[in-house]
Each structure stands twice: as structure tokens, then as C-alpha cells.
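Observations on the three-dimensional arrangement
What follows is the residue order along each chain.
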Amino acid sequence: MNKKESAVKFLTLASAGEVEDAYARFIAMDFIHHNPYFKGDRASLKAAMAEAHATSPNKVFDVKRVLEDGDFVVTHSRVVRGDPSDPDVAVVHIFKFKGDKVIELWDLGQLLSKDSPNENGPF
């Protein structure tokens with residue numbers, strides 16, 4: 001499995017609630033992340049991902065684009081949440097790999113307005 005496939009598989013597993021498997025297969029033990037809402041360690045983000053699935057189990061994670069440059073993989077995705085009244089979210093994940101494991105992660109999200117004036121859409 002190449003880095004692009006690994007990044008997508010990680011996101012697919014984690015968003016489906018298979019957080020333990022996703023971390024065991026793809027995340028290095030010395031992993032760090034830059035999500036400003038949680039401590040920057042592996043255990044904190046892992047717990048947050050499990051909690052996110054528990055509170056919103058029916059979301060759809062749709063990866064639209066995947067780019068790779070050396071040890072970095074970038075995904076551009078749409079998250080459709082289980083509650084139709086919640087807006088969809090555009091998400092960018094930036095993965096840094098060391099070998100076949102993710103050692104660092106950045107993620108950025110944008111709520112998508114159903115009334116956006118942009119006729120091109122977010123994707």
C-alpha cells in the first residue's frame with residue numbers, strides 16, 4: 001500500500017469508528033498532530049476521534065483529492081454529517097510519513113454553507 005492509499009484508508013477506518021485499527025495500522029507511536037482543539041499527542045487525538053464517531057456515527061467521509069509529495073500526503077474531503085441540519089464540512093488533512101507510518105498530522109476544516117453564492121462549489 002502506498003502513502004496515498006494509506007492516508008485514505010486511515011481516514012476511512014477512523015471515520016467509520018474503527019479508530020483502534022486505524023491507529024494500529026497507520027499511526028506511529030511517536031505521532032504528533034496540530035489540531036488546536038486537543039493536546040498534541042497520539043492518545044489525545046485517538047480518543048477525540050473515537051468520541052467523534054460515538055457522537056456522530058452516521059457521517060460519510062468522501063475523499064475528493066489526494067496529493068503526494070515525498071513524505072507528505074494531502075487529502076481534500078467532504079464530511080456529510082448524520083444530522084441533515086448540520087452543515088457539511090470541507091476538510092484538508094496533511095500527513096507526514098516516516099516509512100509506512102504517519103508521524104505528523106495537520107487538519108483544517110471549513111463549514112459549508114448551503115446558501116453559498118459561489119457557483120463552483122467547494123470541490
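Scope of this entry: the structure provided in the associated data block. (Residues numbered from 1 in each chain as written. Predicted model: local features only at pLDDT ≥ 70, side-chain atom pairs only at ≥ 80, totals over all residues. Heavy atoms only, no water.)

1. Let's talk about helix α1 (residues 3-15)
Counting along an α-helix, one turn takes 3.6 residues, and residues three or four places apart therefore face a common direction. With 13 residues, α1 should cover 18 Å at 1.5 Å per step; its first-to-last C-alpha distance of 18 Å lies within 8% of that length. Turning to α1, its buried residues number three or more, namely Ser6, Ala7, Phe10, Leu11, Leu13, Ala14 and Ser15. Contacts from the buried residues of α1 go to α2 (19-26), β1 (27-33), α3 (42-55), β2 (60-69), β3 (72-80) and β4 (89-98). Once α1 ends, the next one or two residues include Gly17, with phi positive near 90 degrees. (Helix = DSSP H or I, 4+ residues; strand = E, 2+ residues; numbered from the N terminus. Expected span 1.5 Å × (residues − 1). Buried < 20%, exposed > 50% of the residue type's maximum accessible area, 1.4 Å probe, protein only. Contact = heavy atoms within 4.5 Å.)

2. Some words on the packing of α1 against α2
Contact pair α1 / α2: the axes reach a minimum separation of 7 Å and the direction vectors enclose 160 degrees. Considering the angle they form, α1 stands roughly antiparallel to α2. Crossing geometry of α1 relative to α2 is assigned as left-handed. Counting all contacts with α1, which are made through Ser6, Lys9, Phe10, Leu13 and Ala14, the residues of α2 involved are Val19, Asp21, Ala22, Tyr23, Arg25 and Phe26. Tallied by class, residues from the contact of α1 with α2 come to seven nonpolar, one polar and three charged. (Axes fitted to C-alpha atoms, helices over the stretch in contact; angles between N-to-C directions. Parallel < 35°, antiparallel > 145°, perpendicular 65-115°, else oblique. Left-handed = near helix turned anticlockwise from the far one by under 90°. Nonpolar A, V, L, I, M, F, W, Y, C, P; charged D, E, K, R; others polar.)

3. Quick look at the nonpolar core
Formed by 18 residues in total, the largest nonpolar core has its most connected members in Phe10, Tyr23, Phe31, Met49 and Phe95. Look past the residues within four positions of Phe10 in its chain and what remains in contact with it is Ala22, Tyr23, Phe26, Ile27, Met49 and Phe95. (Core = buried A, V, L, I, M, F, W, Y, C linked by side-chain atoms within 4.5 Å.)

4. With respect to the pattern of salt bridges
Tallied over the full model, the rule gives four salt bridges. With a closest N to O distance of 3.1 Å, Glu20 and Lys46 form a salt bridge. Taken as a pair, Glu20 in helix α2 and Lys46 in helix α3 lie far apart in primary sequence, 26 residues in all. We note a salt bridge from Asp62 to Lys64, for which the minimum N-O separation is 2.7 Å. (Salt bridge = Lys/Arg side-chain N within 4 Å of Asp/Glu carboxyl O.)

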